Amino acid sequence: MSVRGTAAVVGVAELKPTRWTDNVSTIDLFTQVGLAAIADAGLELSDIDGLVAHPMAGVPMLVPSTLIESMGLRCSFASTVDLGGATGAAMVWRAAAAIAAGQANAVLCVTAARRQRRIEAPGPKRPSGSGGVGGKDTSAWAEFEVPYGNVGANIGYAMIAQRYLHEHRATPEQLAKIAVHQRDNACVNPDAWFYGERITVDDVLNSPMVADPLHLLEIVMPSGGGAALVVVSPELARKLDRPKAWLLGAGECTTHKTITYAPSLMDTAIKPAADRAFAQAGVTRDQIGLASLYDCYTITVLVTLEEAGFCVRGGGGRFVEEHDLRFNGDFPLNTHGGQLSFSQPGLAGGMSHVTEAVRQVQQRGGERQVKDLSFAFVNGNGGIMSEECALILGVEP
Amino acid sequence: MSHPRPGRASVVTRPFWEATAEGRFLIQRCGACHKAAFYPRPACPHCGSAELGWEDACGAATVHTFSIARRPTHPKFTGDEPYVVAIVELAEGPHVTTNIVECDPDDVWIGMPVELVFDEVGDDGYALALFRPT
Ligand SMILES: [Zn+2]
């Protein structure tokens, strides 16, 4: 069994990220970007019979029905995915699986995030709870991580980076080059947050150290936004006179929540996910014309290049140094700028790696179109390298 | 440093937290596969057995990895930066999140031998397990 031939992505839409989304609800953003993706697919509301969304602050439960009601849909398949940054990629193969199981024909996969300015409410301050940040969290995280400040992604990825640099050789310049070339890509993407703002390796290395060894310009900036796509059956895909991105392979692996309890900081869940996706697709690494790799930090890209099999373990630094990672280079990487330059609109940040791969495979990359592209590899990464999902998309089924 | 508190311990984790007041760091040992585990769980994460017993960790550990937080990772740590957040490997095997204290953050290195030191028992009756260079 394989996902190959089960589905194609035909419609895609994305909101331009914004620093703040004052007075807009997440459901409004979901609805807006979801409708845009349906229109892009050339479909009507009544054609959509599947919906995959995600839980979020403000709507922690009953997300699908809330959204189905808001958009005016009627669905025979409705679900959420809760895999952090891997959510977008994970939605795609779940949609394909629902189609293959005969439960749906056209599935809308939608991600969105609002970003509210923090406004101090008048009146007495609410107590922050006994555990502070983890006060309402009843998982082990509140008891065994929060008291020591192992909170947020920066410190977790910084600890991965420190261990990587202890075991392997990579220079700060090599890591910085990832951010620089992705910024060059963002400079041909008007929707990217940092469009038009080129940076150099020195800029990255001179930016403030946030958590050793991570500099500010090696870290994503949060934003508000949304991204959506429509996954359809092969029959419907062929009927539609639209460019398609065929789903050829998928793989997923989850091993831990907190990095402390990861089976290994170096043997990540990226590898089994990628290996399964490549095996399903029957495609080799050297056939991949675009790598769309989750990039919350530069170290995430470096580790993913190795773990997904594009270079050997420990060879990521040299690989980055030897290749041109720009859209017109010899190893196009994150041609939309990656989240490092596009910004990270919540889970729509992870989805941006999928939407860009879809656009590129559809040959709709515009000025930044990768030439002669047949296959794209996507990696979604959630938590602190906790949840990994790999996809391979192709021009032909 | 004024640490955030661990919140309300569960039935499973309470023995661990209560032991911290006596200066003891408890890990779990599986009666079926004999492997050690941390943090306290209702069943062994290695084999699924519920046959878990408590055991005192000896307190010796090595730094598995760490980072220096140059910006606070929690509001309670505001003003304490730079401080070290680390994963240490206990002599018994399990990995534990902690802070490396009683040394300059820039002097911490991976593989550094460290030892357990508890901070003061808080109002909640629990002490936090920190580590310092041996
Ligand atoms: Zn066991």
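Reading the values: the criteria
Residues numbered from 1 in each chain as written. Chains lettered and ligands numbered in written order. Predicted model: local features only at pLDDT ≥ 70, side-chain atom pairs only at ≥ 80, totals over all residues. Heavy atoms only, no water. Donors = N, O, S within 2.8 Å, 3.2 Å for Na, K, Ca; no water. Tetrahedral: all angles 85-135°; square planar, octahedral: opposite > 155°, others 65-115°. Buried < 20%, exposed > 50% of the residue type's maximum accessible area, 1.4 Å probe, protein only. Helix = DSSP H or I, 4+ residues; strand = E, 2+ residues; numbered from the N terminus. 1 Å grid on protein atoms, 1.4 Å probe; cavity = no way out; pocket = protein on both sides within 12 Å on 5 of 7 lines; lining within 4 Å. Points joined across faces, edges and corners; volume = space filled by probe spheres on them. Nonpolar A, V, L, I, M, F, W, Y, C, P; charged D, E, K, R; others polar. Phe/Tyr/Trp six-rings, centres within 6.5 Å; stacked < 30°, edge-to-face > 60°. Lys NZ or Arg CZ within 6 Å of the ring centre and 35° of its normal. Contact = heavy atoms within 4.5 Å. Buried area = accessible area lost by both parts, 1.4 Å probe. Salt bridge = Lys/Arg side-chain N within 4 Å of Asp/Glu carboxyl O.

What exactly am I supposed to notice about the coordination of the zinc ion here?
For a metal with four donors in a tetrahedral arrangement, the ideal angle between donors is 109.5 degrees, while six donors in an octahedron ideally sit at 90 or 180 degrees. Residue and element names in this part refer to chain B. Looking at the zinc ion, the protein donor atoms are Cys-30 (SG), Cys-33 (SG), Cys-44 (SG) and Cys-47 (SG), and they sit 2.3 to 2.4 Å from it. Metal-centred angles of 103 to 116° between the four donor atoms at the zinc ion mark the site as tetrahedral. Judged by its relative accessible area of 40%, Cys-47 falls in the partly exposed class.

In this structure, what is going on with unusual backbone geometry? I would like to understand it.
Residue Pro-213 of chain A follows Asp-212 of chain A across a cis peptide bond; omega there is 5°. Structurally, the position occupied by Pro-213 of chain A is in the loop between strand E5 (209-211) and strand E6 (214-215). Of note, the amide linkage connecting Phe-38 of chain B to Tyr-39 of chain B takes the cis form, showing an omega dihedral of 5°. Within the fold, Tyr-39 of chain B resides in the loop between strand E2 (36-37) and strand E3 (52-56). The backbone of Gln-363 of chain A shows a phi angle near 60°, a positive value even though the residue is not glycine.

Is there a simple way to think about empty space enclosed by the protein in this case?
Over the atoms rolls a probe the size of a water molecule, and its path tells where empty space is left. Scanning all chains against the criterion turns up two cavities of 30 Å³ or more. When its volume is computed, the largest cavity comes out at roughly 50 Å³. Every residue along the wall of the largest cavity is listed here: Ile-160, Thr-255, His-256, Ile-259, Ala-262, Pro-263, Ser-264, Leu-265, Asp-267, Thr-268, Ala-269 and Met-385 of chain A. Class assignment of the residues belonging to the lining of the largest cavity gives a composition of seven nonpolar, four polar and one charged. Estimated volume of the second largest cavity: approximately 40 Å³. In terms of lining, the second largest cavity is formed by Phe-144, Tyr-148 and Tyr-261 of chain A together with Phe-16, Phe-25, Phe-38, Val-96, Thr-97 and Ala-129 of chain B. Looking at the lining of the second largest cavity residue by residue, the classes come out as eight nonpolar, one polar and no charged.

Which parts of the structure should I look at to understand the packing of aromatic side chains?
To describe a pair of aromatic rings, you give the distance between the ring centres and the angle between the ring planes. Summed over the entire model, instances satisfying the criterion amount to 17 aromatic pairs over all chains. A centroid spacing of 4.8 Å and a plane angle of 90° characterise the contact between Phe-319 of chain A and Phe-331 of chain A, whose relative ring orientation is edge-to-face. A residue pair is termed long-range when its members are at least 10 positions apart, and Phe-319 of chain A in helix H11 (residues 316-322) and Phe-331 of chain A in the loop between H11 and helix H12 (338-342) qualify at twelve residues. Exposure remark for Phe-331 of chain A: the relative accessible area of 10% places this residue in the buried category. Measuring from ring centre to ring centre gives 4.8 Å for Phe-77 of chain B and Tyr-83 of chain B, while their planes differ by 40°; the resulting arrangement is tilted. For the pair Phe-77 of chain B and Tyr-83 of chain B, a shared accessibility class is recorded, and that class is buried. The structure contains a cluster of three or more aromatic residues connected by ring pairs, namely Phe-144 and Tyr-261 of chain A together with Phe-16, Trp-17, Phe-25, Phe-38, Tyr-39 and Tyr-126 of chain B. Its end group placed over the ring of Tyr-261 of chain A, Arg-41 of chain B keeps NZ or CZ at 6.0 Å from the ring centre.

Explain the interface of chain A and chain B to me, please; I cannot follow it from the model alone.
Accessible area lost on assembly of the parts is the figure often given for the size of an interface. Each partner contributes to the interface: chain A provides 31 residues, whereas chain B provides 39 residues. Overall, the association of chain A and chain B removes approximately 2900 Å² of surface from exposure, summing both partners, and the carbon and sulfur fraction of that is 61%. Considering only the surface of chain A that becomes buried against chain B, Glu-143, Phe-144 and Tyr-148 of chain A emerge as the three largest contributors, covering 26% of it. Taken together, the connections running from chain A to chain B amount to one salt bridge. Two residues, Asp-212 of chain A and Arg-70 of chain B, come together in a salt bridge whose shortest N-O distance is 2.8 Å. Counting only elements with at least two residues in the side of chain A that touches chain B, the list comes to helix H4 (140-144), helix H5 (153-167) and E5 of chain A.

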